[in-house]
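Chain residues, written in single-letter form:
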Amino acid sequence: MTRRFLFGLGLLIALAGCGTATDPPSMALSSQDSLQMRGWVPDRLRGQILLSPVTGGQPTGSMWGSKISNRALQESIEESLRATGMLALRPGTGSYQMEVQLIELEQPIVGLNTRVAVTLAYTVVEKRSGAVVYQRHLRSAYVAEFTAAMVDPNERLRLATEGAVRSNVNLMLRDLIALALN
């Protein structure tokens, strides 16, 4: 009995250390949010934003938590821009160049309700003039409740990480729409 208990405890501890990679579609805007925003996108932004390679991320390793890779963040932001109609349709086209950098990813070591905060730096430059038209560090948080993944704390961490990024991208896109880059 003791041997089984120790084996089970060791297995649980080993599983708790395994990282779960974030899923780009889960970090992108929901279809409901993108459809809602799409109607408010000014003509000046429709198909006009090119996304530079994202920086600051790190791939998820086999130990300790869910990280955000540059590739996953790039895909989620591109998909969100595409879904709202802002992404330039062809490389080299578009009036604006967007740069995104992952500044901070704040994740708990352990917790029942898992709260993750992320800070992303956005810069949008008008390509013709080189003028910075939008520059902001946005911080957002998301809580994955215990009931979202009761058995797997890594799954809760992944869900909270994806939710924090999705919320951050949502804030940025709403900023761009409100700013309208006049």
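Structure first, text after, so check above.
Residues numbered from 1 in each chain as written. Predicted model: local features only at pLDDT ≥ 70, side-chain atom pairs only at ≥ 80, totals over all residues. Heavy atoms only, no water.

Caption draft 1: Broad picture of the sheet that holds strand S1 (residues 49–51). If you trace the four strands from one edge of the open sheet to the other, you get S1-S2-S3-S4, paired in mixed fashion. Edge positions in the sheet fall to S1 and strand S4 (132–144), since each has one partner strand and no second. Between one strand and the next, the sheet's axes are offset by a mean angle of 30°, whatever the strand orientation. Where strand S2 (residues 96–106) lies against strand S3 (residues 114–126), ten bridges are found, and the strand directions are antiparallel. Bridging across to S3, Leu 102 finds its partner in Leu 120. (Pairing = 2+ DSSP bridges. Helix = DSSP H or I, 4+ residues; strand = E, 2+ residues; numbered from the N terminus. Axes fitted to C-alpha atoms, helices over the stretch in contact; angles between N-to-C directions.)

Caption draft 2: Just the environment of Arg 136, in detail. As for its placement among the helices and strands, Arg 136 is situated in strand S4. Relative accessible area serves as the criterion here: at 38%, Arg 136 is assigned to the partly exposed category. For the pair Arg 136 and Tyr 122, spaced 14 residues apart in sequence, the C-alpha separation works out to 5.4 Å. Ignoring anything within four residues of it in the chain, the contact list for Arg 136 reads Leu 120, Ala 121, Tyr 122 and Asp 175. Polar side-chain contacts of Arg 136 include one of 2.3 Å to the side chain of Asp 175. (Buried < 20%, exposed > 50% of the residue type's maximum accessible area, 1.4 Å probe, protein only. Contact = heavy atoms within 4.5 Å. Polar contact = N/O pair within 3.5 Å; in protein donor to acceptor, adjacent residues only side chain to side chain.)

Caption draft 3: Examining the pairing of S2 more closely. In the sheet, S1 pairs with S2 via three bridges, with the strands oriented parallel. Its bridge partner being in S2, Ile 49 is matched across the sheet by Tyr 96.

Caption draft 4: View of the packing of helix H3 (residues 31–38) against helix H5 (residues 153–179). Across the interface, H3 lies against H5 with an axial gap of 11 Å and an inter-helix angle of 5°. As judged from the angle between their axes, H3 and H5 are roughly parallel. Residues Asp 33, Gln 36 and Met 37 of H3 form the contact with H5, whose own contacting residues are Asn 170, Leu 173, Arg 174 and Ile 177. In terms of residue class, the contact of H3 with H5 is made up of three nonpolar, two polar and two charged. (Parallel < 35°, antiparallel > 145°, perpendicular 65-115°, else oblique. Nonpolar A, V, L, I, M, F, W, Y, C, P; charged D, E, K, R; others polar.)

Caption draft 5: A look at the pairing of S4. Bridge analysis of S3 against S4 gives twelve bridges, and the strand direction is antiparallel. Looking at the pairing, Val 124 lines up with Tyr 134 of S4. Between S3 and S4, which pair antiparallel in sequence order, lie five residues; one of them, Gly 130, sits at a positive phi of approximately 80°.

Caption draft 6: Structural context of the environment of Leu 81. Relative to the helices and strands, Leu 81 is located in helix H4 (residues 70–84). Through-space distance from the C-alpha of Leu 81 to that of Val 169 is 9.3 Å; in sequence the pair is 88 residues apart. If sequence neighbours within four positions are ignored, Leu 81 has contacts with Ile 49, Met 86, Leu 87, Met 98 and Leu 173.

Caption draft 7: Inspection of the pattern of salt bridges at higher detail. Tallied over the entire structure, the rule returns nine salt bridges. Linking Glu 79 and Arg 82 is a salt bridge whose minimum nitrogen-to-oxygen distance equals 3.0 Å. Residue Glu 79 and its partner Arg 82 are located together in helix H4, separated by three residues, close to a single helical turn. The structure contains a network of salt bridges with shared partners spanning Glu 104, Glu 106 and Arg 139. (Salt bridge = Lys/Arg side-chain N within 4 Å of Asp/Glu carboxyl O.)

Caption draft 8: Layout of the nonpolar core. Grouped together as the largest cluster of nonpolar side chains are 36 residues, with contacts concentrated most on Met 86, Met 98, Tyr 122, Met 172 and Leu 176. At the level of elements, S1, H4, S2, S3, S4 and H5 are the ones that each hand at least two residues to this core. Ranked by the residues each element gives to this core, the list is headed by H5, at nine residues. Residues contacting Met 172, with those up to four places away along its chain left out, are Met 98, Tyr 122, Tyr 134 and Leu 138. (Core = buried A, V, L, I, M, F, W, Y, C linked by side-chain atoms within 4.5 Å.)

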